[in-house]
Amino acid sequence: MNGVAQIQLGSFLLVYVLLLVVLGIMKKCRINQTKLLVLASARMTLQLIAAGYALTFLFEHPHPLLTMAYLTVLVFFTIYLVLSRNKRLNPRFRVIVSVSIASCGLGVIVFFVTCIVGQSLFDPQYMIPISGMLMGNALTGVSLGLKSFWNGLEGQRARVEALLNIGATPEKVLFPFVCQALETALVPTLNSMLGMGIVVLPGMMTGQILSGTAPTTAILYQITIMVAICACVCLCCFCSLYFGYRTLWNAQKQLTF
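Rules and cut-offs
- Residues numbered from 1 in each chain as written.
- Predicted model: local features only at pLDDT ≥ 70, side-chain atom pairs only at ≥ 80, totals over all residues.
- Heavy atoms only, no water.
- Helix = DSSP H or I, 4+ residues; strand = E, 2+ residues; numbered from the N terminus.
- Buried < 20%, exposed > 50% of the residue type's maximum accessible area, 1.4 Å probe, protein only.
- Contact = heavy atoms within 4.5 Å.
- Areas by Shrake-Rupley, 256 points an atom, 1.4 Å probe, with all protein chains shown as cover.
- Lys, Arg positive; Asp, Glu negative; His and termini not counted.
- Charge placed at Lys NZ, Arg CZ, Asp CG, Glu CD.
- Core = buried A, V, L, I, M, F, W, Y, C linked by side-chain atoms within 4.5 Å.
- Patch = residues over 30% accessible without salt bridge, like charges linked within 9 Å, V, L, I, M, F, W, Y side chains within 5 Å.
- Salt bridge = Lys/Arg side-chain N within 4 Å of Asp/Glu carboxyl O.
- Axes fitted to C-alpha atoms, helices over the stretch in contact; angles between N-to-C directions.
- Parallel < 35°, antiparallel > 145°, perpendicular 65-115°, else oblique.
- Left-handed = near helix turned anticlockwise from the far one by under 90°.
- Nonpolar A, V, L, I, M, F, W, Y, C, P; charged D, E, K, R; others polar.
- Phe/Tyr/Trp six-rings, centres within 6.5 Å; stacked < 30°, edge-to-face > 60°.
- Lys NZ or Arg CZ within 6 Å of the ring centre and 35° of its normal.
- Disulfide = S-S within 2.5 Å.
- Expected span 1.5 Å × (residues − 1).
- Bend = angle between axes of the 7 residues up to and from the residue.

## Some remarks on the overall build of the protein chain
No. 1: Secondary structure assignment for the protein chain yields 10 helices and zero strands.
No. 2: Overall, the C-alpha framework of the protein chain stretches about 70 × 50 × 35 Å when taken along its three principal axes.
No. 3: A total of 257 residues make up the protein chain; the buried ones form 32% of that total.
No. 4: Long-range contacts, defined as pairs at least 24 residues apart, comprise 72% of the intrachain contacts of the protein chain with a sequence gap of at least 6.
No. 5: A total of about 15,400 Å² of accessible surface is found on the protein chain, and carbon and sulfur atoms cover 69% of it.
No. 6: Measuring between centres, the 16 positive side-chain charges of the protein chain sit 12 Å from its 6 negative side-chain charges.

## Examining the nonpolar core
No. 1: Formed by 50 residues in total, the largest nonpolar core has its most connected members in Val97, Leu134, Phe149, Leu174 and Leu248.
No. 2: Where this core is concerned, the elements lending two or more residues are helix H4 (64-84), helix H5 (91-117), helix H6 (124-155), helix H7 (157-165), helix H8 (170-195) and helix H10 (215-244).
No. 3: Ranked by residue count, the leading element in this core is H6, at 11 residues.
No. 4: The residues touching Phe149, leaving out its near neighbours within four places in the chain, are Phe93, Leu174, Phe177, Val178, Ala181, Leu241, Tyr245 and Leu248.

## A few points about a nonpolar patch on the surface
No. 1: A grouping of Ile7, Leu9, Phe12, Leu13, Val15 and Leu18 is seen on the molecular surface, where their side chains present a nonpolar patch of about 610 Å² in accessible area.
No. 2: Looking at which element gives the most residues to the nonpolar patch, the answer is helix H1 (residues 9-14), with three residues.
No. 3: Along the chain, the position of Val15 falls in the loop between H1 and helix H2 (16-28).

## Observations concerning the packing of H2 against helix H3 (residues 34-60)
No. 1: Where H2 contacts H3, the axes come no closer than 10 Å and their chain directions differ by 160 degrees. Between H2 and H3, the angle is such that the two are roughly antiparallel. As for the relative orientation of H2 and H3, their crossing is right-handed in sense. Each of Tyr16, Leu19, Val22, Leu23 and Met26 in H2 lies in contact with H3, whose residues at this interface are Thr34, Leu37, Val38, Ser41 and Thr45.
No. 2: The residue inventory of the contact of H2 with H3, partitioned by class, reads seven nonpolar, three polar and no charged.

## Details of the environment of Leu19
No. 1: Along the chain, Leu19 falls in helix H2.
No. 2: Sequence spacing of Leu19 and Leu164 is 145 residues, and the spatial spacing of their C-alpha atoms is 51 Å.
No. 3: Contact partners of Leu19, with chain neighbours within four places excluded, come to Leu37 and Ser41.

## Focus on the packing of aromatic side chains
No. 1: A full pass over the atoms with the stated rule returns 12 aromatic pairs.
No. 2: Residues Phe149 and Trp150 carry aromatic rings whose centres are separated by 5.8 Å and whose planes lie at 75 degrees to one another, so their mutual orientation is edge-to-face.
No. 3: With 6.1 Å between their ring centres and 85 degrees between their planes, Phe175 and Tyr242 make a pair best called edge-to-face. One end of the pair, Phe175, is in helix H8; the other, Tyr242, is in helix H10, and 67 residues separate them in sequence.
No. 4: Taking relative accessible area as the criterion, Phe175 reaches 31% and is therefore assigned partly exposed.
No. 5: An aromatic cluster of three or more residues is present, and its members are Phe175, Phe238, Tyr242, Phe243, Tyr245 and Trp249.
No. 6: Taking the ring centre of Tyr242 as reference, the NZ or CZ of Arg246 above it sits at 4.5 Å.

## Points about the packing of H7 against H8
No. 1: Closest axis-to-axis distance for the H7/H8 pair is 9 Å, and the angle between their directions is 155 degrees. In terms of their interaxial angle, H7 and H8 are classed as roughly antiparallel. Where H7 crosses over H8, the two elements pack in a sense that is right-handed. Along the contact surface, H7 presents Val160, Leu163 and Leu164, while H8 presents Pro170, Val173, Leu174 and Phe177.
No. 2: Class assignment of the residues belonging to the contact of H7 with H8 gives a composition of seven nonpolar, no polar and no charged.

## Notes on the state of the cysteines
No. 1: Going through the model one piece at a time under the given rule, you end up with zero disulfides.
No. 2: The structure places no disulfide on Cys104, whose sulfur is separated from the nearest cysteine sulfur, that of Cys239, by 3.7 Å.
No. 3: Given the relative accessible area of 12%, Cys104 is considered buried.
No. 4: No disulfide involves Cys115; its nearest neighbouring cysteine sulfur is the one of Cys232, lying 15 Å away.

## A closer look at H8
No. 1: In this model, H8 (26 residues) spans 39 Å end to end at C-alpha, consistent with the 38 Å of a helix rising 1.5 Å per residue.
No. 2: At Val187, H8 is deflected by roughly 35 degrees, the largest bend along its length, and proline Pro188 occurs up to four residues later in sequence.
No. 3: Listed in full, the buried residues belonging to H8 are Pro170, Val173, Leu174, Phe177, Val178, Ala181, Leu182, Ala185, Leu186, Thr189 and Gly195.
No. 4: Contacts from the buried residues of H8 go to H6, H7 and H10.

So this is what it looks like as structure tokens:
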């Protein structure tokens with residue numbers, strides 16, 4: 001198989017014509033998110049260009065400290081973005097979410113790189129892209145789970161307080177909200193797995209095939225990374241919610257949110 005075809009700068013810029021189509025449709029439908037689309041597109045472009053130069057440097061000058069520094073920044077920003085989207089969390093809940101994302105995410109990353117791929121943790125070629133995929137999905141899953149949890153809780157606060165007033169324990173009353181939020185967080189990943197290989201050729205597999213990797217090898221990588229993503233999202237979200245929801249009442253079993 002030949003190597004991946006190079007995209008010239010002029011051809012690359014043509015892709016932004018598609019954004020003009022999106023902007024036109026948004027304007028026609030009176031969707032007031034044009035500024036967000038422009039900002040998101042510009043930010044994505046700048047961030048990915050910066051990441052591209054950083055990764056080029058790391059791959060050309062591999063060093064364990066640089067790889068660990070990149071991973072630390074990745075985990076830090078994952079936690080920061082999750083917390084910035086869920087400002088209602090109390091301080092203890094925020095700590096639990098941070099620890100859950102860091103410990104569960106890093107645990108799955110270490111297991112995948114060392115046991116599944118069989119590579120060193122300090123090899124940036126494997127550690128960085130795999131970490132990015134896992135933590136990126138954890139970001140989406142935990143954010144979605146926390147949002148679902150709070151929306152469900154606030155929508156049924158009167159019912160929750162009524163149950164507590166007749167003697168039900170906070171653990172028994174609030175735990176169903178944890179389960180529902182976890183299910184909501186897992187649905188996008190499970191739906192992706194259902195359609196994978198039939199409806200969709202996923203990004204990692206497509207990228208490997210374009211770069212000349214044999215399809216059978218790309219398939220094995222994609223299967224293992226999807227299972228790892230599912231586990232990472234589940235663990236990060238479950239630990240964040242299961243240990244975090246226990247911070248929502250005091251010693252007298254009264255709600256504090």
